[in-house]
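Remarks on the overall topology
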Amino acid sequence: MYKMVDADATPQTRALLANLYRLRHDHLLFGHQDSLAYGVEWIGGDNRSDPKAVTGSHAAVIGWDVGGLELGNAHNLDGVDFGDMQHWIRQAYLGGGVVTISWHMADPVSGGSSWNKGKFVHRLIPGGDLHETLKSYLDTFAAFNEQLKVTVDGEEHYIPVIFRPWHEHTGDWFWWGKGNAREEDYIALWRFTVEYLRDVKHAHNLIYAYSPDRSRIDLDDFESGYLYSYPGDDYVDVFGLDNYHDLRYPADAGQREQFARSLQYLVELANRHNKLPAMTEGGQETVPDDEFWTGHLLAGILANGTTRQIAYAMVWRNANKARENKDHFYAAYPGHPSAADFVKFYKHPSVLFQDKLPDMYQAR
């Protein structure tokens, strides 16, 4: 039986994790980053998303990122206004959906991007000269989270959030990643983050997701690679995996087999640690494979009784082409060649979008 990181988690947060565990043997929740904020051909509005425009329903899981919050910015690193983000988080929750938040935190030394390199994590953890800076950054998230409340049937409560900090640390591209941060310092960073938000800021609506990057994990030694810098079972609720590596195009039989193997090893490891397994981020950029949804993503998830225990799979965002002047999208949109297969994916009895979800916040 699993034990939550936060023994004082709210009833809705407990129910969400319990229901994800309950559903995972027969169903997969589909997720999409920034889904309500913009799409390939539109920006803003209410109750819009590219998945809904194709299938009639929003994704079951909606991802957001709070990079830039720590600097006092009005918008995140992808141009999403933080006030609007809170509105869309409430909208997703009240619609029955699941919310997850990652954080591309700025370099606290220079104020530059998450992709800056530098060996300074030891300065952020307890005892370091920049520890107060880290606390001030975490304070901005605590204040943001404090606004994630709704009133239902006359009672106010916090919206549960699957919180995914310090992601893809097995890669070397972020300042908290391998090669930049020592293993013991990353562990201390993760543990302090949890303890500060839970015990000092009293944020009891958070489910903590750990998410190494697949590209830096040898499948023949998956456990060792996955558990690099693992902060410990008392600090993690979700065993996530960010996987673009096995979902690239063109896909061949070997790559599809690797994707299924990565899921199988993740589920097996999660089960041994009593954690919830999920593909926390990934996909195929611009989806050039017209049958990607059923022929690659779903085929890997349904490969066997173990792989199908993945609780949810979230693909990355659909950048607005006019604003960002690039093709950078991971979900189908109206007119895209993979849209027909996306509808088949949506209609599969194993797949859940928002309109097919049971009440995720009611204990059973």
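Above: the structure in question.
In this text the structure is predicted, and so the values were computed from the model without any measurement.

Focus: the overall build of the protein chain
- Scanning the protein chain for helices and strands turns up 10 helices and 13 strands.
- Whereas a compact globule of 364 residues would reach a radius of gyration of roughly 21 Å, the protein chain reaches 19 Å, a difference of no more than 12%.
- Along the longest, intermediate and shortest principal axes, the C-alpha atoms of the protein chain span 55 × 50 × 45 Å.
- Looking at the protein chain as a whole, 61% of its 364 residues are labelled buried.
- Counting only contacts in the protein chain whose residues sit at least 6 apart along the sequence, the fraction spanning at least 24 positions is 75%.
- As displayed, the protein chain offers around 13,400 Å² of accessible surface, 47% of which is attributable to carbon and sulfur atoms.
- Of the charged side chains in the protein chain, 34 are positive and 50 negative, and the gap between their average positions amounts to 2 Å.

Here's the deal with the packing of aromatic side chains
- With the rule as written, the count across this model stands at 37 aromatic pairs.
- With a centroid separation of 6.5 Å and 75 degrees between ring planes, the pair formed by tryptophan 173 and phenylalanine 174 is classed as edge-to-face. Across this residue pair, the class does not change: tryptophan 173 and phenylalanine 174 are buried.
- An aromatic cluster of three or more residues is present, and its members are Tyr186, Trp190, Tyr210, Phe222, Tyr226, Tyr230, Phe239 and Tyr265.
- Seen from the ring of tyrosine 228, lysine 178 lies directly overhead, with NZ or CZ sitting 4.5 Å from the centre.
- Over the ring of tyrosine 346 we find lysine 356, and its NZ or CZ is 4.3 Å from the ring centre.

Observations concerning the pattern of salt bridges
- As enumerated under the stated definition, the model contains 20 salt bridges in all.
- Here the residues in one salt-bridge network are Asp78, Arg317, Arg323, Glu324 and Lys326, joined through shared partners.

Digging into the pairing of strand S7 (residues 155-158)
- With four bridges joining them, strand S6 (residues 149-152) and S7 adopt antiparallel strand pairing. Looking across to S7, one finds that valine 152 is bridged to glutamate 155.

Overview of the environment of aspartate 46
- Position of aspartate 46 relative to the elements: it lies in the loop between strand S3 (42-43) and helix H2 (50-55).
- The partly exposed category is assigned to aspartate 46, whose relative accessible area is 47%.
- Along the chain, aspartate 46 and leucine 36 lie 10 residues apart, while their C-alpha atoms are 7.5 Å from each other.
- Beyond its immediate chain neighbours, meaning those up to four positions away, aspartate 46 contacts His87, Trp88 and Gln91.
- Here histidine 87 takes part through its side chain, which lies 2.9 Å from a polar atom of the side chain of aspartate 46.

Quick look at the nonpolar core
- Core analysis: the largest hydrophobic core is formed by 119 residues, its most contacted members being Leu29, Trp64, Ile101, Tyr226, Trp293 and Phe345.
- If you tally residues by element for this core, the top one is helix H5 (residues 183-200), at seven residues.
- Leave out the neighbours within four places in its chain, and phenylalanine 345 touches Leu28, Phe30, Trp293, Thr294, Leu297, Leu298, Val351 and Phe353.

Describing the environment of glutamine 284
- Examined against the element boundaries, glutamine 284 turns out to sit in the loop between strand S11 (276-282) and helix H8 (292-301).
- Measuring from C-alpha to C-alpha, the distance between glutamine 284 and valine 351 comes to 18 Å, with 67 residues separating the pair along the chain.
- A distance of 3.2 Å separates a polar atom in the side chain of glutamine 284 from the backbone nitrogen of aspartate 289.

Overview of the packing of H8 against helix H10 (residues 339-347)
- At a minimum axis distance of 8 Å, the contact between H8 and H10 shows a crossing angle of 50 degrees. By the criterion of interaxial angle, the relationship of H8 to H10 is oblique. Between H8 and H10, the contacting residues are Phe292, Trp293, Thr294, Gly295, Leu297 and Leu298 on the first element and Asp341, Phe342, Lys344 and Phe345 on the second.
- For the contact of H8 with H10, the class distribution of residues is six nonpolar, two polar and two charged.

Points about the environment of serine 49
- Positionally, serine 49 belongs in the loop between S3 and H2.
- Take serine 49: its relative accessible area is 4%, and that puts it in the buried class.
- In this structure, the C-alpha to C-alpha distance between serine 49 and isoleucine 310, residues 261 residues apart in sequence, is 24 Å.
- At a separation of 3.0 Å, a polar atom in the side chain of serine 49 contacts the main-chain amide nitrogen of lysine 52.
- A polar contact of 2.8 Å, which involves the side chain of serine 49, links it to the side chain of histidine 58.

Regarding helix H7 (residues 253-273)
- With 21 residues, H7 extends 31 Å from end C-alpha to end C-alpha; this agrees with the ideal 30 Å at 1.5 Å per step.
- When H7 is considered as a whole, its buried residues turn out to be Gln255, Phe259, Ala260, Ser262, Leu263, Leu266, Val267, Leu269, Ala270 and His273.
- Elements that come into contact with the buried residues of H7 comprise helix H6 (222-226), strand S10 (238-243), S11 and H8.
- With a side-chain oxygen positioned 3.1 Å from the backbone nitrogen of glycine 254, the residue opening H7 is aspartate 252.
- Among the residues trailing H7, asparagine 274 stands out with phi positive, at a value near 55 degrees.

Things to note about the pairing of strand S9 (residues 206-210)
- Across the five residues that make up S9, a large majority, five, are buried.
- Residues of S9 alternate between two faces, with Leu206, Tyr208 and Tyr210 on one and Ile207 and Ala209 on the opposite face, all of them buried.
- Across three bridges, strand S8 (residues 161-164) lies against S9 in parallel orientation. Bridged to isoleucine 162 within S9 is isoleucine 207.
- Regarding topology, H5 serves as the crossover connection from S8 to the parallel S9, and that connection is right-handed.
- Two elements, S9 and S10, share two bridges in a ladder whose sense is parallel. From the neighbouring strand, tyrosine 210 faces S10, where its bridge partner is phenylalanine 239.

Conventions used here
- Residues numbered from 1 in each chain as written.
- Predicted model: local features only at pLDDT ≥ 70, side-chain atom pairs only at ≥ 80, totals over all residues.
- Heavy atoms only, no water.
- Helix = DSSP H or I, 4+ residues; strand = E, 2+ residues; numbered from the N terminus.
- Rg over C-alpha atoms; globule rule 2.2 N^0.38 Å.
- Buried < 20%, exposed > 50% of the residue type's maximum accessible area, 1.4 Å probe, protein only.
- Contact = heavy atoms within 4.5 Å.
- Areas by Shrake-Rupley, 256 points an atom, 1.4 Å probe, with all protein chains shown as cover.
- Lys, Arg positive; Asp, Glu negative; His and termini not counted.
- Charge placed at Lys NZ, Arg CZ, Asp CG, Glu CD.
- Phe/Tyr/Trp six-rings, centres within 6.5 Å; stacked < 30°, edge-to-face > 60°.
- Lys NZ or Arg CZ within 6 Å of the ring centre and 35° of its normal.
- Salt bridge = Lys/Arg side-chain N within 4 Å of Asp/Glu carboxyl O.
- Pairing = 2+ DSSP bridges.
- Polar contact = N/O pair within 3.5 Å; in protein donor to acceptor, adjacent residues only side chain to side chain.
- Core = buried A, V, L, I, M, F, W, Y, C linked by side-chain atoms within 4.5 Å.
- Axes fitted to C-alpha atoms, helices over the stretch in contact; angles between N-to-C directions.
- Parallel < 35°, antiparallel > 145°, perpendicular 65-115°, else oblique.
- Nonpolar A, V, L, I, M, F, W, Y, C, P; charged D, E, K, R; others polar.
- Expected span 1.5 Å × (residues − 1).
- Right-handed = clockwise from strand over helix to strand, strands pointing away.

Geometric descriptors of this kind do not, in isolation, establish any biological role.
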